[in-house]
Amino acid sequence: MLAKKYKLSSSSFPRPSHLGRSGRYLSVNLSPTSLPFSRFGIIVSLKYDKRAVARHRLKREIFELIRKTGAFRVPGHDIVVVVKKGVTSVDLIPITKEASSLLSNL
């Protein structure tokens, strides 16, 4: 589990910027900060799945990838991962593969 200090609260999400990367299922937005570590937030729309259980499961998978890849060690960024609107009932495997490739290139 990723430590709480590396997670963004919903009230502190930065405004979307032009910095970042995008894939088929996910978009990663970066915002520079003066902190010695990076913080992450994940946005999963109701359009992904109406059930909160499914949305939170996807969030937990992505936070676990962040912890395993060590992406939080990159200094000075607030990073928001957005699951794109067109993603509906897709298996977690392609989404997590894309997330790992996007996060490893930070």
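What counts and how
- Residues numbered from 1 in each chain as written.
- Predicted model: local features only at pLDDT ≥ 70, side-chain atom pairs only at ≥ 80, totals over all residues.
- Heavy atoms only, no water.
- Helix = DSSP H or I, 4+ residues; strand = E, 2+ residues; numbered from the N terminus.
- Rg over C-alpha atoms; globule rule 2.2 N^0.38 Å.
- Buried < 20%, exposed > 50% of the residue type's maximum accessible area, 1.4 Å probe, protein only.
- Contact = heavy atoms within 4.5 Å.
- Areas by Shrake-Rupley, 256 points an atom, 1.4 Å probe, with all protein chains shown as cover.
- Lys, Arg positive; Asp, Glu negative; His and termini not counted.
- Charge placed at Lys NZ, Arg CZ, Asp CG, Glu CD.
- Core = buried A, V, L, I, M, F, W, Y, C linked by side-chain atoms within 4.5 Å.
- Pairing = 2+ DSSP bridges.
- Right-handed = clockwise from strand over helix to strand, strands pointing away.

Q: I'm lost on the overall build of the protein in this one. Help?
A: The helix and strand inventory of the protein stands at 2 helices and 4 strands. Taken from N to C terminus, the helices and strands of the protein fall in the order β-β-β-α-β-α. Here the C-alpha radius of gyration of the protein, 13 Å, is about what a compact globule of 106 residues would show, namely 13 Å. By principal-axis analysis of the C-alpha atoms, the protein measures approximately 35 × 25 × 25 Å. Counting all 106 residues of the protein, 40% fall into the buried class. For the protein, the share of sequence-separated contacts (at least 6 apart) that also reach a separation of at least 24 residues comes to 82%. Total accessible area computed for the protein in this model is approximately 6,500 Å², and 54% of it derives from carbon and sulfur atoms. Charge separation in the protein, taken as the distance between the mean sites of 20 positive and 6 negative side-chain charges, equals 5 Å.

Q: What is the right way to look at the nonpolar core in this model?
A: If you look at soluble globular proteins, the nonpolar side chains tend to sit buried side by side. L26, F40, Y48, L58 and I66 are the most contacted members of the largest nonpolar core, which totals 27 residues. Listing elements by their share of this core, those giving two or more residues are β2 (26-32), β3 (39-43), α1 (52-69), β4 (77-83) and α2 (92-104).

Q: Whenever I open this one, the pairing of β4 confuses me. Can you help?
A: Here is the key point about a regular strand: its side chains alternate between the two faces of the sheet. Burial analysis of β4 places 5 of its 7 residues in the buried class, which makes it a mostly covered element. Where β2 meets β4, 7 bridges bridge the pair, whose relative direction is antiparallel. When the sheet's bridge partners are listed, P32 is paired in β4 with H77. Note: β3 against β4, 5 bridges, orientation parallel. Of the residues in β4, the one forming a bridge with F40 is I79. In this view, the connection linking β3 to its parallel neighbour β4 by way of α1 has left-handed handedness.

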